[in-house]
Amino acid sequence: MTEVLVLVDHTDGAVRKTTSEMLTLAARLGEPSAVFIGSGADAAKDTLARFGAAKVYTLDDAALGEFLVAPKAEALAQLVAAKSPAAVLIGSSAEGKEIAGRLAIKTESGLITDAVDLQPGDGGVQTTQSVFAGNFTVQAQVTQGTPIITVKPNSVTPEENAGAAEVEAFDVSVSDLAKTARITASKPREKSGRPELTEAAIVVSGGRGTGGDFSQVESFADSLDAAVGASRAAVDSGWYPHAFQVGQTGKTVSPQLYVANGISGAIQHRAGMQTSKTIIAVNKDDEAPIFELVDFGVVGDLKTVLPQATDEVTKRKG
Amino acid sequence: MANIVVLVKYVPDATGDRTFTSDNTVDRVGVDGLLSELDEYAVEEALKVVEAGDGEVTVLTVGPEQAADAVRKALQIGAHKGVHVLDDAIAGSDAAATSLVLAKAIEKIADYDIVMTGLASTDGAMSVVPAMLAERLGLPQLTFASELTIEGDTIRIRRDGDAATETIEASGKMVVSVTDQINEPRYPSFKGIMAAKKKPVETWSIADLGIEASQVGTAAAWTKVLSFEPRPPRTAGEIVTDEGDGGTKLAEYLASKKFV
Ligand SMILES: Cc1cc2nc3c(=O)[nH]c(=O)nc-3n(C[C@H](O)[C@H](O)[C@H](O)COP(=O)(O)OP(=O)(O)OC[C@H]3O[C@@H](n4cnc5c(N)ncnc54)[C@H](O)[C@@H]3O)c2cc1C
Ligand SMILES: Nc1ncnc2c1ncn2[C@@H]1O[C@H](COP(=O)(O)O)[C@@H](O)[C@H]1O
């Protein structure tokens, strides 16, 4: 069976959920091989095995962490040349897409970004994407080279599927040309104690309608074990950090449940949440465009609706 | 001294009805378009850099006839001159082919220190052209900059990643992409609008860039859209008006859907 390479998304060996999602998709196309860049492979091995990685290629060179994306793309290109995989899957983060972009040019291969699903098909893997703020679904295919596909988080349910996870160290050589954009400092993001925004099953977000006080939004989120998100208006006003912005220039989320509070529903906000399975809104304007999207909506003031809902949810959870 | 080439894209208006043409490519002609809002941040940042030192800002676009509007808008905002690569053969190009045309045009412009771009185009939203371009030109990339400082020929940026906030630096020629967090783009002034009329704009074909028709356009694309479908409209949801029990009703709905 042909190999499908999956670039492991991790921090020091702590594997993100996107990786198990990609391994699950890769198994549909061939035999999943995990590509682990950096240190911590030992810690990651169990998870990779559990989700079906037959092999784990470890690529370790100081330059891979010291410089921005170019060395990683170079290393992956060397691995692609050595293994001739059926496809390469990479997570759709900013870094993931940039590695993919450089890899595509290096290997003269077609690149598809932000796939939400993959299927084997005539003439190779077929991808599904959601475009124009989620208003269209597109099926596409790579027609040249090794298909390079970036996959959006939360697109599929990871399936356990034992793999051998046989470790193979792969030697890379990084050129001087790739060692030019140097990372001189790195400050890990502070943990909020809540689920990761892009991985969460439930996202509760707040907009300009919070008036700057996110406490009701946060309490409601906590009652549901949800992540907290924000509209750009709330972020631009300095009420919530940019890392939590949902939308075109923030994160794209696709949770089971999205609750928009005091958010009007501008197209750029929809772009980041329209593919959520269930959508709820609380807004005091019954004509807010967000209500066109909802499965359930409350026309009312979030300052009173949310605390009541929080109490009721807490009570029911007992 | 910093001469900056800013890449600006003409995109379909996000608030209009964006769609596809019969050959499964983005309809760029039958819909209203504009300078991609995210590229205004790149124009602004480039102007700030040359205003603080010296040098000139050249805006470069690859796109259909109407893309000249994007160049004009950037000139009105304050860029010094424009280049428009216009050729029927380019229609339907994917990101890889677009990055080829941009790379050749930048090589022809030759006299530049920085290539500055937006965070993503608001239509394709791939955020890959800057990285592809850096790869083709063999340049360092400082991408997703939310803050930028210059010291001599070294540029340092702040990049807010998913896991960490990083400081990244490079020297010499480079590709820089900027986010919408970096600045507040200015509006064209009346004086700027008048001055733009006299600013030089060159129009180049792919032949001017030494590119063959077979290297660009739908036929040369490394990817292919097989089909597209409008998303089925969401079925109208249940909307209740809060009469003192809105929160309770919300919780009841959540319970009925097993979220609680
Ligand atoms: C290029 C570009 C990119 C963009 N990217 C993004 C993005 O990534 N994410 C994003 O969100 N936006 C983005 N935007 C901005 C977007 O167009 C909107 O301006 C933004 O989403 C509005 O945020 P909002 O809904 O919180 O504010 P508003 O539109 O002001 O809506 C506030 C809502 O709160 C309601 N409200 C007020 N008080 C209360 C109350 N007490 N209780 C209940 N409801 C109340 C009001 O009725 C109103 O509907 C982008 C714009 C551009 C041009
Ligand atoms: N056709 C184009 N003409 C000029 N610049 C472009 C073009 N396509 C992309 N760009 C630049 O590349 C950035 C990222 O685009 P993308 O990778 O398509 O999301 C944009 O913000 C522009 O600065």
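The structure we're discussing is the one just above.
Residues numbered from 1 in each chain as written. Chains lettered and ligands numbered in written order. Predicted model: local features only at pLDDT ≥ 70, side-chain atom pairs only at ≥ 80, totals over all residues. Heavy atoms only, no water.

Engineer: So, the overall build of chain B: which residues are in play, and what are the values?
Structural biologist: For chain B, the helix and strand inventory stands at 7 helices and 13 strands. Overall, chain B is about 65 × 45 × 40 Å in size when its C-alpha atoms are taken along their principal axes. Looking at chain B residue by residue over its 260 residues, the buried ones come to 50%. When contacts within chain B are restricted to residue pairs at least 6 apart in sequence, long-range pairs at least 24 apart make up 72% of them. Counting every atom, chain B has about 11400 Å² of accessible surface; 50% of that belongs to carbon and sulfur. Mean positive and mean negative side-chain charge positions of chain B (25 and 41 charges, respectively) differ by 1 Å. (Helix = DSSP H or I, 4+ residues; strand = E, 2+ residues; numbered from the N terminus. Buried < 20%, exposed > 50% of the residue type's maximum accessible area, 1.4 Å probe, protein only. Contact = heavy atoms within 4.5 Å. Areas by Shrake-Rupley, 256 points an atom, 1.4 Å probe, with all protein chains shown as cover. Lys, Arg positive; Asp, Glu negative; His and termini not counted. Charge placed at Lys NZ, Arg CZ, Asp CG, Glu CD.)

Engineer: Explain the nonpolar core to me, and be specific about the residues and the numbers.
Structural biologist: Grouped together as the largest cluster of nonpolar side chains are 78 residues, with contacts concentrated most on Val35, Leu59 and Ile90 of chain A together with Val6, Met116, Leu142 and Val176 of chain B. Per-element accounting of this core gives the leading share, 8 residues, to helix 1 (residues 37-52) of chain B. Not counting residues up to four positions away in its chain, the partners in contact with Val6 of chain B are Ala42, Val43, Ala46, Val57, Thr58, Val59, Leu60 and Met116 of chain B. One finds Leu257, Val282 and Val313 of chain A together with Phe259 of chain B within the second-largest nonpolar core, a separate group that totals 32 residues. (Core = buried A, V, L, I, M, F, W, Y, C linked by side-chain atoms within 4.5 Å.)

Engineer: Got a sec to walk through the side chain of Ser92 of chain A? Specific residues and values, please.
Structural biologist: Residues and elements named next belong to chain A. Along the chain, Ser92 falls in the loop between strand 6 (87-91) and helix 5 (94-107). The class for Ser92 is buried, based on a relative accessible area of 16%. At a separation of 2.9 Å, a polar atom in the side chain of Ser92 contacts the side chain of Asp114. At a separation of 2.8 Å, a polar atom in the side chain of Ser92 contacts the side chain of Thr150. Leave out the neighbours within four places in its chain, and Ser92 touches Lys97, Asp114, Thr150, Val151, Lys152 and Pro153. (Polar contact = N/O pair within 3.5 Å; in protein donor to acceptor, adjacent residues only side chain to side chain.)

Engineer: Lay out the pattern of salt bridges with the relevant residues and their values.
Structural biologist: In the structure shown here, the tally under the stated rule is 33 salt bridges over all chains. Put simply, Asp114 of chain A and Lys97 of chain A hold a salt bridge, and the shortest N to O gap is 3.0 Å. Here Asp114 of chain A is found in strand 7 (residues 111-119), whereas its partner Lys97 of chain A is found in helix 5, with 17 residues between them in sequence. By relative accessible area, Asp114 of chain A is classed as buried at 15%. On the basis of relative accessibility, which here comes to 9%, the residue Lys97 of chain A falls in the buried class. One continuous salt-bridge network, built from bridges that share partners, spans Glu74, Arg102 and Lys106 of chain A together with Glu135 of chain B. (Salt bridge = Lys/Arg side-chain N within 4 Å of Asp/Glu carboxyl O.)

Engineer: Quick one: what's the story with the site of ligand 2, residue by residue and with numbers?
Structural biologist: Residues and elements named next belong to chain B. In the vicinity of ligand 2 lie 19 residues, with Leu7, Asp39, Val62, Ser121 and Ser127 positioned nearest. Going through the elements one at a time, strand 4 (57-62), helix 3 (95-109) and helix 4 (129-137) are the ones with two or more residues in the shell around ligand 2. Taken together, the residues of the shell around ligand 2 sort by class into 11 nonpolar, 6 polar and 2 charged. (Near = heavy atom within 4 Å. Nonpolar A, V, L, I, M, F, W, Y, C, P; charged D, E, K, R; others polar.)

Engineer: With reference to specific residues and values, describe unusual backbone geometry.
Structural biologist: Its identity as a non-glycine residue notwithstanding, Ala165 of chain A has a phi of 45 degrees, on the positive side. Examined against the element boundaries, Ala165 of chain A turns out to sit in the loop between strand 10 (148-151) and strand 11 (166-169). Classification of Ala165 of chain A by relative accessible area gives buried; the value is 1%. Of note in the backbone geometry, Lys258 of chain B takes a positive phi value of approximately 65 degrees without being a glycine. Take Lys258 of chain B: it is sitting in the segment after helix 7 (246-256). Judged by its relative accessible area of 71%, Lys258 of chain B falls in the exposed class.

Engineer: Run through helix 4 (residues 70-83) of chain A, naming residues and quoting values.
Structural biologist: All names here are of chain A. Given a rise of 1.5 Å per residue, 14 residues ought to cover 20 Å, and the 20 Å separating the end C-alpha atoms of helix 4 matches this to within 8%. Among the 14 residues of helix 4, 10 are classified as buried, and the element is accordingly described as predominantly covered. Of all the residues in helix 4, the buried ones are Ala70, Pro71, Lys72, Ala73, Glu74, Ala75, Leu76, Ala77, Leu79 and Val80. Buried residues along helix 4 sit against strand 1 (3-7), strand 4 (31-37), strand 5 (55-59), helix 3 (62-66), strand 6 and helix 5. (Expected span 1.5 Å × (residues − 1).)

Engineer: Break down a nonpolar patch on the surface for me, citing the residues and quoting the values.
Structural biologist: Residues and elements named next belong to chain B. Together, Phe190, Ile193 and Met194 make up a nonpolar patch on the protein surface, roughly 300 Å² of accessible area in all. Mapped onto the elements of the fold, Phe190 is located in helix 5 (residues 190-196). We classify Phe190 as exposed; its relative accessible area is 65%. (Patch = residues over 30% accessible without salt bridge, like charges linked within 9 Å, V, L, I, M, F, W, Y side chains within 5 Å.)

Engineer: Pulling in residues and values, what's your account of the side chain of Ser93 of chain B?
Structural biologist: With respect to the secondary-structure elements, Ser93 of chain B resides in the loop between strand 5 (81-85) and helix 3. For Ser93 of chain B, the side chain forms a polar contact with the main-chain oxygen of Ile90 of chain B, separated by 2.6 Å.

Engineer: How would you explain helix 3 of chain B if you had to name every residue and give the values?
Structural biologist: All names here are of chain B. Over its 15 residues, helix 3 runs 21 Å from end to end, which matches the ideal 21 Å to within 8%, given 1.5 Å per residue. Extensive coverage of helix 3 is indicated by the burial of 11 of its 15 residues. Of all the residues in helix 3, the buried ones are Ala95, Ala96, Ala97, Ser99, Leu100, Val101, Leu102, Ala103, Ala105, Ile106 and Ile109. Where helix 3 terminates, the next one or two residues include Ala110, which has phi positive at roughly 60 degrees.

Engineer: Before we move on, could you go through the sheet that holds strand 14 (residues 227-230) of chain A and cite the residues and values that matter?
Structural biologist: In space, the 6 strands of this open sheet follow the order 14(A)-13(A)-15(A)-16(A)-17(A)-13(B), with parallel pairing throughout. Because the sheet does not close on itself, it has two edges, and the strands there are strand 14 of chain A together with strand 13 (238-241) of chain B. For this sheet, the mean inter-axis angle between neighbouring strands, taken without regard to orientation, is 15 degrees. Strands in contact with helix 6 (residues 215-223) of chain A are strand 13 (202-206), strand 14 and strand 15 (257-261) of chain A; relative to strand 13 of chain A, the strand with the most contacts, it is inclined by about 170 degrees. (Pairing = 2+ DSSP bridges. Axes fitted to C-alpha atoms, helices over the stretch in contact; angles between N-to-C directions.)

Engineer: Tell me about the site of ligand 1, residues and numbers included.
Structural biologist: Residue and element names in this part refer to chain A. Surrounding ligand 1, one finds 27 residues, the nearest of these being Arg208, Ser231, Ser264, Gln268 and Asn283. At a separation of 2.9 Å, an oxygen atom of ligand 1 approaches a polar backbone atom of Arg232. Between ligand 1 and the protein, one listed contact pairs an oxygen atom with a backbone N or O atom of Thr249 at 2.8 Å. Notes on ligand 1: free accessible area 990 Å², of which the protein chains cover 82%. For the shell around ligand 1, the residue count by class is 7 nonpolar, 14 polar and 6 charged.

Engineer: Give me the packing of aromatic side chains: which residues, what numbers.
Structural biologist: Here the structure, examined in full by the defined rule, presents 4 aromatic pairs over all chains. Ring centres 5.4 Å apart and planes at 70 degrees place the aromatic pair Tyr240 of chain A and Phe244 of chain A in the edge-to-face group. A relative accessible area of 11% places Tyr240 of chain A in the buried class. Ring centres of Phe296 of chain A and Tyr253 of chain B lie 4.5 Å apart, and the angle between their planes is 15 degrees; on these two criteria the pair is classed as stacked. Linking Phe296 of chain A in strand 17 (residues 296-299) with Tyr253 of chain B in helix 7, this pair reaches from one chain into another. (Phe/Tyr/Trp six-rings, centres within 6.5 Å; stacked < 30°, edge-to-face > 60°.)

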